[in-house]
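What the coordinates show
Listed below, chain by chain, are the residues.
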Amino acid sequence: MILQALSNYYNTLINSDSGVAPPGYSNSKVSHILLISTEGELLDVIPIYKPENKKLLPRYMILPQEVQRTSGKKANFLYDNSSYVLGICLNETTKQPIVDISIDNFNIFKEFNNNRLKDIDDIKAKAFLKFINNWNPRKWQENPIIFNKANELCSGYNIVFKIEGEGFLHESSFVSELIAKAIDEDNDNFTAQCLVTGEFGNISRTHNLIKGVKGAQSSGAAIVSFNNESFKSYGKDQSFNAPVSKKATFEYTTALNYLLNSKLNSLTFADTTIVFWAEKKDLDSKEEIILSWSLDPFEPDISENENDDKKQFAVDRTTARQAKEILENIMDGISVKNSDFRHDTKCYILGLAPNAARISVRFWEVNSFGEVLNKITTHYKDIYIVGSKKFGNFIPPWRLLKEVAAQGKTENIPPLLAGQLLYSILTGAQYPYNLYTMALSRVRKNKRNDEKGETANPISVGIIKAYLIRKFRTYKQKDKEEMITVSLNESLTENAYLLGRLFSLLEKAQKDAIGKEINSGISDKYFGTASSTPAVVFPILLRLYRHHKSKLDKEGKGTYIDIKIQEVMNKLESFPAYLNLEHQGLFVLGYYHQNQANYIKKEDKEHSCK
């Protein structure tokens, strides 16, 4: 269960040096401390030069939900920004402190905190109330301490209070008592058995928002939400339909927001955001680091600028080399022995996508770290094809998606495709059918050859190869699976594959005969038709070949290519009227393999991989 796994992960975070806040608190950015006396007089303004270093602050109002100012003006408890604490903020035009638009915020802050602290018998609470009750925002310029640092105070970060000789206000013992009381006593007062913990307790009417899912609302979206009358069950409103205790709600939302905010534990592929974590008693992240690189690999031994479209990396280059070595060993069938990580460590992988004001779950995979690595390695092995070395041994999933997208733009990747591809990679399931058809279309439309005769789109052909292998593997057609090789398979007698090889050889004969003077080759004119209705095109191509052969014979160049064409022709059964999509993929594969073999160095031919 997703929520249960996230709730358990929260307990790992809270017991480790993760910076995750306990229930009732949040780690918030603070820029300044107001030092006041026990009589409520302002003594000093102390800046914190690194506001990104967050402090643990109380976050509860009446209900255990964080302040959502999108729905109105609300104050925080014992702290806030300058607009609420002092009633001043910067004018957007003049960049000077002003009062008029912030006076209401200060009054809300004062009223809210007075109501919460009126019965508290604590020296720090009383000093704080004296200060806010005596403070007049309209006279801020008369206070030299505030006047000299007004622009700094209006930075937008939080301001906290410290009582001279007593410590920070928000760290007082009464604060934790109020928070505990607020959690136990709320306006909902609905108890039921929690779906996550199995325990009876107070149930959350609404769940805290999840932030960081690409495409979702910037203010956050809900992963559990009900807002229509039709969703009511036995009169239960909103999330009472899916009873999750307030404690479990806080735990799973906090853990998920932590993962989404982590550069290491989250990755984005088109419209799908994935988070992953290992089940451990501590935050030792060796497994997560290797998994992060495996899903988004880059070449660790070249400069950052040379890594296509990649500017920042969550994994350092030393670790990337280790991860690359591990995957290469698995591909080569070598046992991986490393004391730094355990293969049996359980890994959780969650795929999320935006859905209006909600978040959809694209996939949820739970497996051991070793099995996940084996699945990912199998994917890279299936996708690898001769000629793709220039892209590295491991082509990232995002690069596959970009390859098949219209105009090669990530914004044109079809919805759902990223999640479907990642699910196939992580589970070993068959690749998405539309990924295969889009790759076929890409091969037909792309320029197929450069000056050297090298195929220009090994990534698209690699997708076709991988799809066919997975399809045959899924249906347990072992003989067909084994016929799909990395490079040219001259022993393969599959008719569609031979037709692709023949087309490549006829194309080479044309290029050898005409040379660089050729304006439009047979590939540009006939490739699409030849790969779908070969009976229509190949008689024409063979007649053209007679002219090319005659010219090559006169120049003494035709012997080798003629022998290769005859070898393929002798194995051909026929020129079928129509090739289905599976056979079209085999045609492309045969064409690509032969194209690569046509231009391989003679000394390398005997050592080419099959």
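Reading the values: rules and limits
- What you see as residue numbers is a count from 1 along each chain, following the sequence as written.
- Whole-chain, interface and lining totals are the exception, using all residues; otherwise, since this is a predicted model, local features are given only for residues with pLDDT of at least 70 and side-chain atom pairs are given and counted only at 80 or more.
- Derived side-chain values reflect all non-hydrogen atoms in the structure, with water molecules and hydrogen atoms excluded from consideration.
- A pair of strands is treated as paired once DSSP finds two or more bridges between them.
- Only runs of H or I of at least four residues qualify as helices and only runs of E of at least two qualify as strands under DSSP, and these elements are numbered from the N terminus.
- Angles shown run from 0 to 180 degrees and are taken between the N-to-C directions of axes, each axis being a line fitted to C-alpha atoms and, for helices, limited to the stretch in contact.
- Every angle not falling under 35 degrees, over 145, or within 65 to 115 is termed oblique; those three ranges are roughly parallel, roughly antiparallel and roughly perpendicular.
- Left-handed describes a crossing in which the near helix is turned anticlockwise from the far one by less than a right angle; the clockwise case is right-handed.
- Whether two residues are in contact is decided by their heavy atoms: any pair within 4.5 Å suffices.
- Charged residues are taken to be Asp, Glu, Lys and Arg, nonpolar residues to be Ala, Val, Leu, Ile, Met, Phe, Trp, Tyr, Cys and Pro, and polar residues to be all remaining types, Gly included.
- Buried Ala, Val, Leu, Ile, Met, Phe, Trp, Tyr and Cys residues that are joined via side-chain atoms within 4.5 Å together make up what is termed a nonpolar core.
- Exposure is judged per residue with a 1.4 Å probe applied to protein chains only, and the accessible area is read against the type maximum: over 50% gives exposed, under 20% gives buried, and values in between give partly exposed.
- The quantity known as pLDDT measures the predictor's confidence residue by residue, on a range of 0 to 100.
- A carboxyl oxygen of Asp or Glu within 4 Å of a side-chain nitrogen of Lys or Arg is what we treat as a salt bridge.
- Between the rings of Phe, Tyr and Trp (Trp by its six-membered ring), a pair exists once the centres lie within 6.5 Å; its type follows the angle of the planes, with under 30 degrees stacked, over 60 edge-to-face, and the other angles tilted.
- As a reminder, the over-ring test applies to NZ of lysine and CZ of arginine, requiring each to be within 6 Å of the ring centre and within 35 degrees of the ring normal.

Strand pairing in a sheet is mediated by backbone hydrogen bonds. Such pairs are either parallel or antiparallel. Within the open sheet, the 4 strands sit side by side as E3-E2-E7-E8. Their pairing is mixed. Of all the strands in the sheet, the pair left with one neighbour each is strand E3 (42-47) and strand E8 (167-168). With 2 bridges joining them, strand E7 (residues 158-163) and E8 adopt antiparallel strand pairing. Opposite isoleucine 163, over in E8, you have glycine 167 as the bridge partner.

Where helix H14 (residues 433-445) contacts helix H21 (residues 581-598), the two axes come as close as 11 Å, and the packing angle between them is 45°. Considered as vectors, H14 and H21 are oriented oblique to each other. Crossing of H14 against H21: the hand is left-handed. Between H14 and H21, the residues in contact are Tyr433, Tyr436, Thr437, Leu440, Val443 and Arg444 and Leu581, Glu582, Gln584, Gly585 and Val588, respectively. Taken together, the residues of the contact of H14 with H21 break down into 6 nonpolar, 3 polar and 2 charged.

Pairing is antiparallel across the open sheet formed by 4 strands, whose spatial order is E11-E12-E13-E14. Where the open sheet ends on each side, the last strands, each with one partner, are strand E11 (266-269) and strand E14 (358-368). Looking at each pair of strands side by side, their axes are set apart by 20° on average, direction ignored. Strand direction decides the pairing type here: E11 and strand E12 (residues 272-278), joined by 4 bridges, are antiparallel. Considered in E12, the bridge of threonine 268 is made with threonine 273.

The next thing to look at is the nonpolar core. With 94 residues, the main nonpolar core has Phe269, Leu295, Phe503, Leu506 and Phe538 as its most contacted residues. Looking at which element gives the most residues to this core, the answer is helix H17 (residues 495-514), with 10 residues. Not counting chain neighbours up to four residues away, the residues in contact with phenylalanine 538 comprise Leu499, Leu502, Phe503, Leu506, Ala530, Phe575 and Phe587. Tyr25, Leu78, Ala150 and Leu153 belong to the second largest nonpolar core, which has 39 residues in total.

Looking at the protein chain as a whole, its pLDDT mean stands at 86, while 89% of the residues score no less than 70. For residues 602-610, every residue scores under 50 in pLDDT, and the model assigns this stretch 11 contacts once sequence neighbours within four places are set aside.

This brings us to unusual backbone geometry. In this structure, leucine 78 takes a positive phi of about 75° despite not being glycine. Locating leucine 78 in the fold gives a position in the loop between strand E4 (55-58) and helix H2 (82-85). The backbone of leucine 416 sits at a positive phi, close to 80°, despite the residue not being glycine. With respect to the helices and strands, the residue leucine 416 is situated in the loop between helix H12 (397-404) and helix H13 (417-427).

Turning our attention to the packing of helix H1 (residues 2-14) against helix H8 (residues 246-260). Taken N-terminus to C-terminus, the directions of H1 and H8 make an angle of 75°; their axes are 7 Å apart at the nearest point. When the axes of H1 and H8 are compared, the pair comes out roughly perpendicular. Contact residues: Leu3, Leu6, Ser7, Tyr9, Tyr10, Asn11 and Leu13 in H1; Phe250, Glu251, Tyr252, Thr254, Ala255, Leu256, Tyr258 and Leu259 in H8. Residue composition of the contact of H1 with H8, by class: 11 nonpolar, 3 polar and 1 charged.

This brings us to the pattern of salt bridges. Taken as a whole and assessed by the stated rule, the structure comprises 17 salt bridges. For the salt bridge of arginine 470 with aspartate 382, the shortest nitrogen-to-oxygen distance reads 2.8 Å. With arginine 470 in helix H15 (residues 458-474) and aspartate 382 in helix H11 (residues 369-383), the pair connects residues that are 88 residues apart, well separated along the chain. The exposure class assigned to arginine 470 is buried, which follows from its relative accessible area of 1%. Given the relative accessible area of 5%, aspartate 382 is considered buried. Between lysine 564 and glutamate 490 there is a salt bridge, with its nearest N and O atoms 3.0 Å apart. Of this pair, lysine 564 sits in helix H20 (residues 558-571) while glutamate 490 sits in the loop between helix H16 (478-483) and H17, and the two are 74 residues apart along the sequence. With a relative accessible area of 10%, lysine 564 lands in the buried category. What you see here is one network of salt bridges that share partners, running through Asp382, Arg470, Arg473 and Glu481.

What the rule picks out here adds up to 24 aromatic pairs. When the centroid spacing of 6.0 Å and the interplanar angle of 35° are considered together, the rings of tryptophan 277 and tryptophan 364 count as tilted. One end of the pair, tryptophan 277, is in strand E12; the other, tryptophan 364, is in strand E14, and 87 residues separate them in sequence. The class of tryptophan 277 is buried, set by a relative accessible area of 2%. On the basis of an interplanar angle of 80° and a centroid distance of 6.4 Å, the ring pair of phenylalanine 503 and phenylalanine 538 is categorised as edge-to-face. Here the residue phenylalanine 503 occupies a position in helix H17, and phenylalanine 538 occupies one in helix H19 (residues 534-555), the gap between them amounting to 35 residues. Side by side, phenylalanine 503 and phenylalanine 538 carry an identical accessibility label, which is buried. Three or more aromatic residues link up through ring pairs in this structure, and these residues are Phe503, Phe527, Phe538, Phe575, Phe587 and Tyr591. We note lysine 162 situated over the ring of phenylalanine 168; from NZ or CZ to the ring centre the distance is 5.1 Å.

Quick look at the environment of histidine 548 now. Within the fold, histidine 548 resides in helix H19. For the pair formed by histidine 548 and leucine 506, sequence separation is 42 residues and the distance between their alpha carbons is 9.0 Å. With near-sequence residues (within four places) excluded, histidine 548 lies in contact with Ala509, Gln510, Ala513 and Ile514.

We now examine the pairing of E12. Of all the 7 residues making up E12, 7 are buried; the element is thus mostly covered by neighbouring parts of the structure. Neither face of E12 is left uncovered, since the one carrying Thr272, Ile274, Phe276 and Ala278 and the one carrying Thr273, Val275 and Trp277 both have all their residues buried. Count of turn residues in the E11/E12 antiparallel hairpin: 2 residues, of which alanine 270 carries a positive phi of about 55°. In this structure, E12 lies alongside strand E13 (residues 346-355), joined through 6 bridges in antiparallel fashion. The partner of threonine 273 across the bridge, within E13, is leucine 352.

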